[in-house]
Amino acid sequence: MGIIERIKEIEAEMARTQKNKATEYHLGQLKAKIAKLRTQLLEPPKGSSGGGEGFEVTKFGHGRVALIGFPSVGKSTLLTMLTGTHSEAASYEFTTLTCIPGIIHYNDTKIQLLDLPGIIEGASEGKGRGRQVIAVAKSSDLVLMVLDASKSEGHRQILTKELEAVGLRLNKRPPQIYFKKKKTGGISFNSTLPLTHVDEKLCYQILHEYKIHNAEVLFREDATVDDLIDVIEGNRKYIKCVYVYNKIDVIGIDDVDKLARQPNSVVISCNLKLNLDRLLSKMWEEMGLVRVYTKPQGQQPDFSDPVVLSADRGGCTVEDFCNHIHRSLLKDVKYVLVWGTSARHYPQHCGLAQSLQDEDVVQIVKKKEKEEGGRGRFKSHSTAPARISDREKKAPLKT
Ligand SMILES: Nc1nc2c(ncn2[C@@H]2O[C@H](COP(=O)(O)OP(=O)(O)OP(=O)(O)O)[C@@H](O)[C@H]2O)c(=O)[nH]1
Ligand SMILES: [K+]
Ligand SMILES: [Mg+2]
């Protein structure tokens, strides 16, 4: 029997099993069995390179965003509108067959947007080009789930399920469970609060299913058995997702209003160019990019050429900033001066651990180098943290 058939069989058994206290342990065990099989399913077949032809696109820019959705929801139309790169759009399904990259220029950063073939129910099991598409989604920093506003609301759930089946977790953070395999000592099970979903016996049973007999487990939240399995599997990918309802030109205003109120959702129409600005600003917000402007001593910062950092990828402390400029820079840094929202006063002397925020201005003071006199406008020691305003960007920063 193939892996997919075995998954189907266990799923059928779970559906047959009534949920109650007595079956709880058995159901937990079945969940773990399915998770193990799904992980097996993800392993690339022997002898293959893993990727898929037409799907190996080099990362480019400050972040990567993938367009995921059913066929003909308007993904290619959207890519063409946002990036200017042409991607064939047509009224028939599966117009797009490979991964097509474009670049969005936004807030002086470059964001790679990827158009992909439509996926269908069963994609996680290899239907259509589902597996390649999902692999690209996993390599992204943000997923835009494109939905047809005129179609069933159920599509959002079906797609979410497909993505979850291959270990993607949308708009979730990793469960607060500490888990460490040991060589000896048996299993130690603890929690920092009362648990309502998982008890010691269930945890032992799940670990047993994974043939783990020595480990330390500490629940720091009231997590579920699915959370525990995610932590044991350890291969889950937590990605932000914005739900994009396209084609609002063909539905009534009441329905548009309802969709727009869903969490993490933006309603648009490519045909009428409606609300694309809102989509871009939502995308920007979710990516959490941090632009930092370098101010050479005695000169103006170049406000068109930021160093772009991210808390999720690589971090955004002063140290990360220095490493970004040059690996060897760090050893020469005495301290840095920071202007912007992360500074308590202007300018603030900061160490390497200081976190930077979007639109901060940083001057690096090297060892043996004299710091700037601080005569300029930013020396004004204002106590309220403030964002470098557009006006200030245009005005000369005399120092
Ligand atoms: N009414 C309406 N139609 C749209 C809109 N955006 C795209 N379409 C149409 O929807 C159809 C499918 O568009 P595509 O961009 O090819 O969709 P896709 O998601 O890339 O499709 P596949 O590549 O086949 O998965 C085309 O006929 C588009 O003209 C919109 O905002 N409103
Ligand atoms: K299409
Ligand atoms: Mg397409």
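Residues numbered from 1 in each chain as written. Chains lettered and ligands numbered in written order. Predicted model: local features only at pLDDT ≥ 70, side-chain atom pairs only at ≥ 80, totals over all residues. Heavy atoms only, no water.

As recorded by an unreviewed UniProt entry, the protein carries the name Developmentally-regulated G-protein 2 and is attributed to Herrania umbratica.

A.B. asks: Before we go on, may I ask you to explain the nonpolar core in this structure?
C.D. replies: One broad rule of soluble globular proteins: the nonpolar side chains tend to lie buried together. Leu 78 and Leu 144 are the most contacted members of the largest nonpolar core, which has 57 residues in total. Among residues more than four places away in sequence, those in contact with Leu 144 are Val 65, Ala 66, Leu 67, Ile 68, Leu 113, Val 242, Val 244 and Leu 279. Core analysis: the next-biggest nonpolar cluster, separate from the first, contains 25 residues, Tyr 293, Val 318, Val 338 and Val 361 among them. (Core = buried A, V, L, I, M, F, W, Y, C linked by side-chain atoms within 4.5 Å. Buried < 20%, exposed > 50% of the residue type's maximum accessible area, 1.4 Å probe, protein only. Contact = heavy atoms within 4.5 Å.)

A.B. asks: Would you mind showing me how to read the coordination of the potassium ion (ligand 2) here?
C.D. replies: Put simply, the ideal angle at a metal is 109.5 degrees for four donors in tetrahedral geometry and 90 or 180 degrees for six donors in octahedral geometry. Distances from the potassium ion (ligand 2) to its protein donors, Ser 72 (OG), Ala 90 (O), Tyr 92 (O) and Thr 95 (OG1), fall at 2.7 to 2.8 Å. Between the potassium ion (ligand 2) and the magnesium ion (ligand 3), the interatomic distance is 5.0 Å. Here Ser 72 is found in the loop between strand 1 (63-69) and helix 3 (75-83), whereas its partner Ala 90 is found in the loop between helix 3 and strand 2 (100-106), with 18 residues between them in sequence. By relative accessible area, Ser 72 is classed as partly exposed at 25%. By relative accessible area, Ala 90 is classed as partly exposed at 31%. (Donors = N, O, S within 2.8 Å, 3.2 Å for Na, K, Ca; no water. Helix = DSSP H or I, 4+ residues; strand = E, 2+ residues; numbered from the N terminus.)

A.B. asks: Can you help me understand the coordination of the magnesium ion (ligand 3) in this one?
C.D. replies: Here the magnesium ion (ligand 3) is held by Ser 76 (OG) and Thr 96 (OG1), and the distances to it run 1.9 to 2.0 Å. Using a relative accessible area of 10% as the deciding quantity, one classes Thr 96 as buried.

A.B. asks: What is the right way to look at the site of ligand 1 in this model?
C.D. replies: Of all residues adjacent to ligand 1, which total 23 residues, the nearest are Lys 75, Ser 76, Thr 77, Thr 95 and Thr 96. Contact between ligand 1 and Asp 249: a nitrogen atom at 2.8 Å from a side-chain N or O atom of the residue. Taking Cys 270, its main chain carries an N or O atom lying 2.8 Å from an oxygen atom of ligand 1. Coverage of ligand 1 by the protein amounts to 87% of the 660 Å² it exposes when considered alone. Considering every element that reaches the shell around ligand 1, the biggest residue donor is helix 3, with three residues. (Near = heavy atom within 4 Å. Polar contact = N/O pair within 3.5 Å; in protein donor to acceptor, adjacent residues only side chain to side chain. Areas by Shrake-Rupley, 256 points an atom, 1.4 Å probe, with all protein chains shown as cover.)

A.B. asks: What should I look at first to understand the UniProt feature "domain: TGS" (unreviewed entry) in the protein in this one?
C.D. replies: Within this numbering scheme, the UniProt entry marks residues 288-366 as carrying the feature "domain: TGS" (unreviewed entry). For residues 288-366, the helix share is 10%, the strand share is 34%, and the end-to-end C-alpha distance is 29 Å. (UniProt positions renumbered as here; feature names shortened; annotations may be inferred.)

A.B. asks: Looking at this structure, I do not really get the UniProt feature "domain: OBG-type G" (unreviewed entry) in the protein. What am I missing?
C.D. replies: In the numbering used here, UniProt assigns the "domain: OBG-type G" (unreviewed entry) feature to residues 63-288. Within the segment residues 63-288, helix and strand shares are 31% and 26% respectively, and the terminal C-alpha atoms sit 10 Å apart.

A.B. asks: Which parts of the structure should I look at to understand the packing of aromatic side chains?
C.D. replies: For any pair of aromatic rings, the description consists of the separation of the ring centres together with the inter-plane angle of the planes. Under the counting rule described, the total for this entry stands at three aromatic pairs. Consider the rings of Tyr 106 and Trp 284, whose centres lie 5.9 Å apart with planes at 50 degrees: the pair is tilted. Remark: Trp 284 occurs in helix 9 (residues 276-287) and Tyr 106 occurs in strand 2; sequence separation between them is 178 residues. Judged on exposure class, the residue Tyr 106 and its partner Trp 284 are both buried. Here Lys 36 stacks its cationic end above the ring of Tyr 210, 5.7 Å away from the centre of that ring. The ring of Tyr 243 carries Arg 156 above its face, with NZ or CZ at 3.5 Å from the centroid. (Phe/Tyr/Trp six-rings, centres within 6.5 Å; stacked < 30°, edge-to-face > 60°. Lys NZ or Arg CZ within 6 Å of the ring centre and 35° of its normal.)

A.B. asks: Hey, could you run me through the pattern of salt bridges in this one?
C.D. replies: When charged atoms on two side chains of opposite charge get close, those side chains can pair. Applying the stated criterion to the full structure yields 20 salt bridges. Note that Asp 148 is salt-bridged to Lys 151, the shortest N-O span being 3.7 Å. On the basis of relative accessible area, Asp 148 is assigned to the buried category, the value being 7%. Of the charged contacts, one joins Asp 358 and Arg 291 as a salt bridge, the two residues approaching to 2.8 Å between their closest N and O atoms. One end of the pair, Asp 358, is in the loop between strand 14 (348-350) and strand 15 (360-366); the other, Arg 291, is in strand 11 (residues 289-294), and 67 residues separate them in sequence. For the pair Asp 358 and Arg 291, one class covers both residues: buried. (Salt bridge = Lys/Arg side-chain N within 4 Å of Asp/Glu carboxyl O.)

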